[in-house]
Amino acid sequence: MTASKAEVGAGVADVALDGQTALVTGATAGIGRETALALSRLGARVFIHGRDRDRGEAVLNELPGDGTFIPADFATQAGVTRLAEDVRAQLEGGTIDILVHNAGGWFTDGQLTGDRIEYTFAVNHLASFRLTYELFEALAPTARIVIVSSEAHRQGSLDFTGLRSVSNYRSWNAYSRSKLANVLFARELADRLDAAGESITANALHPGVIPGSGFGRHALAPLRGLMSAFGSIAAKLPVPGVDSVVEGAETSVYLAASPAVEEVSGKYFKDCAIETPAPQARDDATADRLWQISEELCEIEWPLGVDA
Ligand SMILES: NC(=O)c1ccc[n+]([C@@H]2O[C@H](COP(=O)([O-])OP(=O)(O)OC[C@H]3O[C@@H](n4cnc5c(N)ncnc54)[C@H](OP(=O)(O)O)[C@@H]3O)[C@@H](O)[C@H]2O)c1
């Protein structure tokens, strides 16, 4: 029997997040929307982020508690910076307790962003890196950073060449590379936070296989139709290995709220439990290199923990 609320499925329905503030990126649809609703039901004030104003306002209206919708397109870094500025302004000196990096997708068209960076890498990874950097001073001392990755990271090879090019673009390679970057970023961020003496945690996760979200909407038409049809069937009939959108939010909500993972950091989760990620996601040198490349592409210096 599937729980109809993500916080129930995650076993945290009795956790009170009153007084806490959460930011969920990509909360206008799919897994992010369900995550935002669950955190609101648990008592958190929730910042909803996405691009689509109508969908953002609709989610806001569904929240049982306080919330704010802030639109921003991650296709440029200026968009990420604007989101951080708007969040800081709304916080009025307050802090963020839960930061869920969920926005992203599988983009079958190869394109460069306005900053001339491969789009999938920019939206799925670099935006999380930059947003964390920009909001760092606004994070609560025991904030939890939750990064939505995917089992697709296992197919990812971190070939750092070609991040400014889309010649020979293969969308699944680009997607799995970006999801590998998510796991490596969580690991490196956790290490650096620890070295800096911070109690903030960072973890990555696989949400499940959720054809009922909007995941396939940026795919080419035949594939998009197929995923949408599969999603409709899966919403009515249990399909082995396939999860509902509510189930897709469970591990994010668990990492955001469960006392059991209060001090757990740098791990990869699946089904609300620690899972061993792919060997390439456990490589310290690669994680450090990704940090440096992310700094270069963002044109920032963030020596977090290194000189501590
Ligand atoms: N569905 C799955 O089976 C699955 C499996 C593994 C991992 N994931 C991961 O789960 C996360 C959520 O995916 P989902 O399945 O819930 O997809 P979804 O329903 O399409 O939701 C994606 C969210 O990301 C936002 N977004 C997309 N591109 C953006 C951009 N350029 N700038 C700002 N926001 C943007 C969307 O905003 P707008 O709607 O406002 O445009 C939307 O709120 C993704 O990181 C995905 O990689 C999904």
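Residues numbered from 1 in each chain as written. Predicted model: local features only at pLDDT ≥ 70, side-chain atom pairs only at ≥ 80, totals over all residues. Heavy atoms only, no water.

Before going further, it helps to examine the environment of Ser199. Take Ser199: it is sitting in the loop between α6 (171-195) and β6 (201-206). Spatially, the C-alpha atoms of Ser199 and Ala143 are 7.6 Å apart, while their sequence positions differ by 56 residues. Not counting residues up to four positions away in its chain, the partners in contact with Ser199 are Pro141, Thr142 and Ala143. (Helix = DSSP H or I, 4+ residues; strand = E, 2+ residues; numbered from the N terminus. Contact = heavy atoms within 4.5 Å.)

This next bit is on the nonpolar core. Judged by nonpolar contacts, the single largest core of 60 residues is most densely connected at Phe74, Val87, Phe121, Leu131, Leu139, Ile145 and Leu189. Among the elements that take part in this core, α6 stands out by supplying ten residues, more than any other. What Leu189 contacts, discounting residues up to four positions off in sequence, is Thr132, Ile145, Ala202, Trp291, Trp302 and Leu304. Membership of the second largest hydrophobic core comes to 37 residues, among which are Val24, Ala27, Leu63 and Cys272. (Core = buried A, V, L, I, M, F, W, Y, C linked by side-chain atoms within 4.5 Å. Buried < 20%, exposed > 50% of the residue type's maximum accessible area, 1.4 Å probe, protein only.)

Below, the discussion takes up the packing of aromatic side chains. In the structure shown here, the tally under the stated rule is 13 aromatic pairs. The interplanar angle of 70 degrees and the centroid separation of 5.5 Å between the aromatic rings of Phe129 and Trp302 together place this pair among those described as edge-to-face. Taken together, the residues span a long stretch of sequence, with Phe129 in helix α5 (residues 119-135) and Trp302 in the segment after α9 (284-298) at a distance of 173 residues. The exposure classification of Phe129 matches that of Trp302, with both residues buried. Ring geometry for Trp291 and Trp302: centres 4.9 Å apart, planes at 35 degrees, overall tilted. A residue pair is termed long-range when its members are at least 10 positions apart, and Trp291 in helix α9 and Trp302 in the segment after α9 qualify at eleven residues. Residue Trp291 is classed as buried on the basis of its relative accessible area of 2%. Judged by relative accessible area, Trp302 falls into the buried class, the value being 6%. (Phe/Tyr/Trp six-rings, centres within 6.5 Å; stacked < 30°, edge-to-face > 60°.)

Compared with the 24 Å implied by 1.5 Å per residue over 17 residues, the 22 Å span of α5 between its first and last C-alpha is a close match. Where α5 bends most, at Leu126, the angle is about 45 degrees. Within α5, 16 of the 17 residues are buried, leaving the element largely enclosed by the surrounding structure. The residue sitting at the N-terminus of α5 and contributing the capping side-chain oxygen is Glu118; that oxygen lies 2.7 Å from the backbone nitrogen of Thr120. (Expected span 1.5 Å × (residues − 1). Bend = angle between axes of the 7 residues up to and from the residue. Polar contact = N/O pair within 3.5 Å; in protein donor to acceptor, adjacent residues only side chain to side chain.)

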